[in-house]
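Coordinates in review
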Amino acid sequence: MRWLTLSALLLLGLPVYGWLIYIPQQVIHGPPYPIDRTPTEVSLRYQDVTVTEPVDGIALSGWYMPVENARAVVLFLHGGGSNRHSSYFEALEFYKALVTLGYSVFTIDLRNHGNSGSDGEGMSFGLRESRDAIAALDWLRARSPETPVFMMGISMGGATAIHAVASGAAPAGMILLDPLLDTDSTFTRGIWTQTGLPPRLFKPSAWAARTFFGLPGDEHEARHLARSLQMPTLLIQDPGDPVTIAVFARNVAEANPVITLWEAPSVANDDPRFAWKGRWGSHVAAFAAHPVPTMTVIDAFIRETLDSMDSGAAAKSTTVRGAQAH
């Protein structure tokens, strides 16, 4: 009887281990996806840069693509399970589009990704990665303190940007594209892209990832933090994104007036241009699918933010001169 009981416990324990330990580990500890492309592919000049994140001492590898007399610099943060050339997003072509518009670009591999160092903890859906974003922002500020910086993140990079701002980072503005806003939804739908199994089956794994592996939950989720943003923010959302679904973007934009929501033209998830992405479909596909309108919206947002900053500075200067005259 004792051996039967032990066998039953082992049989029950294996599924529990799989759902609560093995699956979260597989999601969080993915391969680093080393860099195998460079901006020279799109005829861009760039500098290799290494930034040391001071809290954990991690070396972050990046590219700096400067523009002479740049109006602003865009700090680009890639998504989870990707790197700074982010093929899913066509990042190299995006950097070229930004440079053509007169914006410098700085991008890094977040920890545990690309050629950057590892903390041994795997992805944290923006929590620890936010330290990398802050280190990159500090590097830019030290190099060119007068140039406004716009922090841009796609997917997990969007959550990274939100967590960085919640931790005190103060870029001139933020651009979020299909951002990871809800931990459980993105976690379960991400597994669905790999397995085809219904996302609801993996809710216990998502709970375990939050409870035992440190993924953000409750008030620490990006969607809750985004409601308190106090800087100009452009949120670009694919309405049919199968992974970071649109309802969360709509909710945070409705709750926070500083967030401007632009829903990109719909992309069918069976669009032949993105068949190679499988079930990821239109996730972070706005630029690849609609480059001109996407860049037009981004350029207009940056210009309007800069104009507002200039107007505010002029008004402040006028007020100070008036006070001195009295």
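This is a predicted model, so every value here is computed, not measured.

Enumeration over the complete set of coordinates arrives at 14 aromatic pairs. Between F76 and F89, the aromatic rings sit 5.5 Å apart at their centres with planes inclined by 25°, giving stacked as the arrangement. Highlighted residues: F76 in strand β3 (residues 72–77) and F89 in the loop between β3 and α2 (91–100), separated in sequence by 13 residues. For F76, a relative accessible area of 0% gives the class buried. Grouping aromatic residues by their ring pairs yields a cluster made of F76, F89, F94, Y95 and F287. The side chain of R189 reaches across the aromatic face of W192, ending 5.6 Å from its centre.

A complete count under the given rule lists 15 salt bridges for this structure. Close ionic contact of D56 with R111 constitutes a salt bridge, the shortest N to O distance being 2.7 Å. One end of the pair, D56, is in the loop between β1 (47–53) and β2 (58–65); the other, R111, is in the loop between β4 (103–108) and α3 (129–143), and 55 residues separate them in sequence. Judged by its relative accessible area of 37%, D56 is partly exposed. The exposure class assigned to R111 is buried, which follows from its relative accessible area of 0%.

On to helix α6 (residues 203–212), then. Looking at α6, one finds that the buried residues are S205, A206, A208 and A209. Buried residues of α6, seen end-on, are gathered within an arc of 160° and therefore sit on one face of the element. Note on α6: the residue one or two positions beyond its end, G214, has a positive phi of about 80°.

Our next topic: the nonpolar core. It is characteristic of soluble globular proteins that their nonpolar side chains tend to be buried jointly. Membership of the largest hydrophobic core comes to 49 residues, with the highest contact counts inside it found for L75, L77, F106, M151 and M174. With 6 residues, helix α4 (residues 156–166) is the single largest residue contributor to this core. In this structure, M174 is in contact with M151, A161, I162, V165, L229, M231, P232, T233, L234 and F301, ignoring residues within four places of it in sequence. Judged by nonpolar contacts, the second largest core, of 36 residues, contains V42, L92, F150 and I154.

Right, let's get into α3. Residues spaced three or four apart along an α-helix face the same direction, because each turn holds 3.6 residues. Between the first and last C-alpha of α3 there are 22 Å, a value that for 15 residues agrees with the 21 Å anticipated at 1.5 Å per step. For α3, every residue scored as buried is listed here: E129, S130, D132, A133, A135, A136, L137 and L140. Here the buried face of α3 lies against β1, β2, β3, β4, β5 (149–154) and α4.

Our focus in this paragraph is the sheet that holds β2. Taken together, 8 strands build an open sheet; the order of strands is β1-β2-β4-β3-β5-β6-β7-β8 and the sheet is mixed. A single partner strand is all that each edge strand has here, and the edge strands are β1 and β8 (259–263). Sheet twist, expressed as the average angle between the axes of neighbouring strands with direction ignored, equals 20°. Pairing analysis gives 6 bridges linking β3 to β4, with the strands arranged parallel. Within β4, the residue paired with V74 across the bridge is V105. α3 rests against β1, β2, β3, β4 and β5 of the sheet, and its axis sits at about 120° to β1.

Between α3 and α4, the shortest axis-to-axis distance is 8 Å and the interhelical angle comes to 70°. It follows from the interaxial angle that α3 and α4 lie roughly perpendicular. For the pair α3 and α4, the contacting residues are E129, S130, A133 and I134 in the first and M156, T160, H163 and A164 in the second. Looking at the contact of α3 with α4 residue by residue, the class counts come to 4 nonpolar, 3 polar and 1 charged.

This paragraph deals with the pairing of β3. The buried fraction of β3 is high, at 6 of 6 residues. What you see with β3 is no split at all: A72, V74 and F76 on one side and V73, L75 and L77 on the other are buried throughout. Crossover β3 to β4 through α2 is right-handed. Note that β3 and β5 share 5 bridges and pair parallel. From the neighbouring strand, V73 faces β5, where its bridge partner is V149.

We now examine the environment of L140. You can see L140 is positioned in helix α3. L140 sits in the buried class, given a relative accessible area of 3%. Separated by 47 residues in sequence, L140 and F187 have C-alpha atoms that sit 32 Å apart. Ignoring sequence-local partners within four residues, the contact set of L140 consists of Y64, V73, L75, F106, P145 and V149.

Cut-offs and rules
Numbering of residues starts from 1 in every chain and runs along the sequence as written. Reporting in this predicted model follows two pLDDT cut-offs: at least 70 for local features of residues, and 80 or more for side-chain atom pairs to be given and counted; totals over whole chains, interfaces and linings ignore these cut-offs and use all residues. The side-chain values count all of the structure's non-hydrogen atoms but skip hydrogen atoms and water molecules. Any Phe, Tyr or Trp ring, taking Trp's six-membered ring, that has another such ring centre within 6.5 Å forms a pair; planes under 30 degrees apart are called stacked, those over 60 apart edge-to-face, and the others tilted. Secondary structure counts use DSSP, requiring at least four H or I residues in a row for a helix and at least two E residues in a row for a strand, with both numbered from the N terminus. Accessibility here uses a 1.4 Å probe with only protein chains present; expressed as a share of the type maximum, an area under 20% marks a residue as buried, one over 50% as exposed, and anything in between as partly exposed. Here, a charge over a ring is recorded when the distance from Lys NZ or Arg CZ to the ring centre is within 6 Å and its angle to the ring normal is within 35 degrees. Any carboxyl oxygen of Asp or Glu that lies within 4 Å of a side-chain nitrogen of Lys or Arg is treated as forming a salt bridge with it. Working note: the arc is built from the helix axis to C-beta atom directions. Here, the term nonpolar core denotes a set of buried Ala, Val, Leu, Ile, Met, Phe, Trp, Tyr and Cys residues that are joined through side-chain atoms within 4.5 Å. By definition in these notes, contact holds between two residues if any of their heavy atoms fall within 4.5 Å. What a helix is expected to span follows from its residue count: subtract one and scale by 1.5 Å. By this definition, two strands are paired if DSSP reports at least two bridges between them. As a rule, the C-alpha atoms of each element are fitted with a line to give its axis, helices using only the stretch in contact, and angles between N-to-C directions run from 0 to 180 degrees. Roughly parallel means an angle under 35 degrees; roughly antiparallel means over 145; roughly perpendicular covers 65 to 115; every other angle is labelled oblique. Residue type decides the class: Asp, Glu, Lys and Arg count as charged, Ala, Val, Leu, Ile, Met, Phe, Trp, Tyr, Cys and Pro as nonpolar, and the leftover types, Gly among them, as polar. Every crossover in which the path from the first strand over the helix to the second runs clockwise, viewed with the strands pointing away from the viewer, is termed right-handed.

As far as function goes, none of this settles anything; it's purely spatial.
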